[in-house]
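In case you want the letters, here they are:
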Amino acid sequence: MKRLVEALFGLVALTGLPYLIYLGAYYLRRPSGTPANTRPREPSVSIVLPTYNEAAIVESKLEELVELDYPTEKIEIVVVDSSDDGTAELVETFFAGRPEPELTLIREDERRGLATALNEAYAAAENEVVVKTDCDSRLAPDAVRKAVANLADPDVEAVTGRNADVIGGSEVEQSYRDIQTMIQILESHIDSTLIFHGPFSAFERDAIVPIDEDSIADDSELALKIRRNGGRAVFDPEIHYKEAAHSEFGKRREQKDRRAMGLLRLLWRQRDALGRHGNYGRVVLPFNWWFMIVSPWLVGAGLALATLGSLAVLGPAGLLTPAGVLAFTALGSRDALGPLQPIYSLFDTQISLLRASVSLVRARADGDEETHDGTWSTDDELREVLQ
């Protein structure tokens, strides 16, 4: 029994140590804002908008884009569409009679996956800066202006922003995003950040390279490849966007598990970047490997060990341990944990990463780990919240 307790405490210590080190580095360095040397400028911008069956929300998204605090004569909007609900027709109607911004509409006869669509859209974009955004997100009016100010730094070739307000009021997602903001600010001041966000990312057009056609972490993959080619990819917390999200545990799984699987595949495919490219490969990537690949298995092992230990000591009463975990999950998914909500948001993310890891291991064992086609399904409930 003593060995079981020692093993449990050892697992907890091992799991938490890298986080404590990163937290210590944050408070020692006290980073804030973007590390880029920003300056005002107004280059031409192509805004890439991939769409699939967005008829209910595409017009409001286009209204947002044409009302951004940026000269419309310097904006090109590139819509790549594979819908069967009339989205493309709504886009054409919206721009009919508008002299600006310029519209480039790419119609796909069949769905080939988001990464393939983005590669086509990026290749068609003609302007100096390329911004990618999602139809089911909302941007702050100054988002593009702040992004191009970051890209004025000759070392910075990619920049992403912050989900400053979760539409729908999910405290689980908001708590996680707040923690992620701290991590990404520190990563950006150390070198570059790994995770780029679909609702808003901006790139120097000349830095863009093709992404894998089956990618399900397309924005982060592009940022990682840009860093590998010598540019920096940073996070600016002053670039704000909004995105809808669920709190309820079951509803979050598809959204979170998909993101987790995409990032895990990306880290594995780009594993040769570890130890290279300055502090990006020596600090940032190793931490993300720990957080996304190692730590979830340790959390799972710790829960299993705690349950076994409780059963060994307390007998049937030891079932209180898994019952407590379930109660913690139930309360957290209802945003009812108060000051413990941020801890639950990390736990929720670790569960998604563990589930995604198991799925990838199973797929690899079956020999079909590369078969995901990169398509996505719309979430009608989140779209109603967005509307």
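Parameters at a glance
- Residues numbered from 1 in each chain as written.
- Predicted model: local features only at pLDDT ≥ 70, side-chain atom pairs only at ≥ 80, totals over all residues.
- Heavy atoms only, no water.
- Phe/Tyr/Trp six-rings, centres within 6.5 Å; stacked < 30°, edge-to-face > 60°.
- Buried < 20%, exposed > 50% of the residue type's maximum accessible area, 1.4 Å probe, protein only.
- Helix = DSSP H or I, 4+ residues; strand = E, 2+ residues; numbered from the N terminus.
- Lys NZ or Arg CZ within 6 Å of the ring centre and 35° of its normal.
- Axes fitted to C-alpha atoms, helices over the stretch in contact; angles between N-to-C directions.
- Parallel < 35°, antiparallel > 145°, perpendicular 65-115°, else oblique.
- Contact = heavy atoms within 4.5 Å.
- Nonpolar A, V, L, I, M, F, W, Y, C, P; charged D, E, K, R; others polar.

As named in an unreviewed UniProt entry, the protein is Glycosyltransferase, taken from Haloterrigena gelatinilytica.

(A) Representation of the packing of aromatic side chains in the model. Per the stated rule, a full pass over the model turns up eight aromatic pairs. Between Phe 94 and Phe 95, the aromatic rings sit 5.3 Å apart at their centres with planes inclined by 75°, giving edge-to-face as the arrangement. Taken individually, Phe 94 and Phe 95 each receive the classification buried, so the pair is uniform in this respect. Arranged with centres 6.3 Å apart and planes meeting at 45°, the rings of Tyr 344 and Phe 347 form a pair that is tilted. Placement of both Tyr 344 and Phe 347 in helix H11 (residues 341-366) is noted, with a separation of three residues, approximately one turn of the helix. Per residue, the accessibility class of Tyr 344 equals that of Phe 347, and both read buried. Ring pairing ties together the aromatic residues Tyr 122, Phe 196 and Phe 203, which thus form one cluster. Above the face of the Phe 94 ring, Arg 98 is positioned so that its terminal group lies 4.2 Å from the ring centre. Between Arg 271 and the ring centre of Trp 268, over which it is positioned, the NZ or CZ distance is 4.0 Å.

(B) View of the packing of helix H9 (residues 279-314) against helix H10 (residues 320-333). Interhelical geometry of H9 versus H10 gives an angle of 140° and a closest axis separation of 8 Å. Between H9 and H10, the crossing angle belongs to the class labelled oblique. Contacts from Leu 303, Ala 306, Thr 307 and Ser 310 in H9 reach Thr 321, Pro 322 and Val 325 in H10. Considering only residue class, the contact of H9 with H10 consists of four nonpolar, three polar and no charged.

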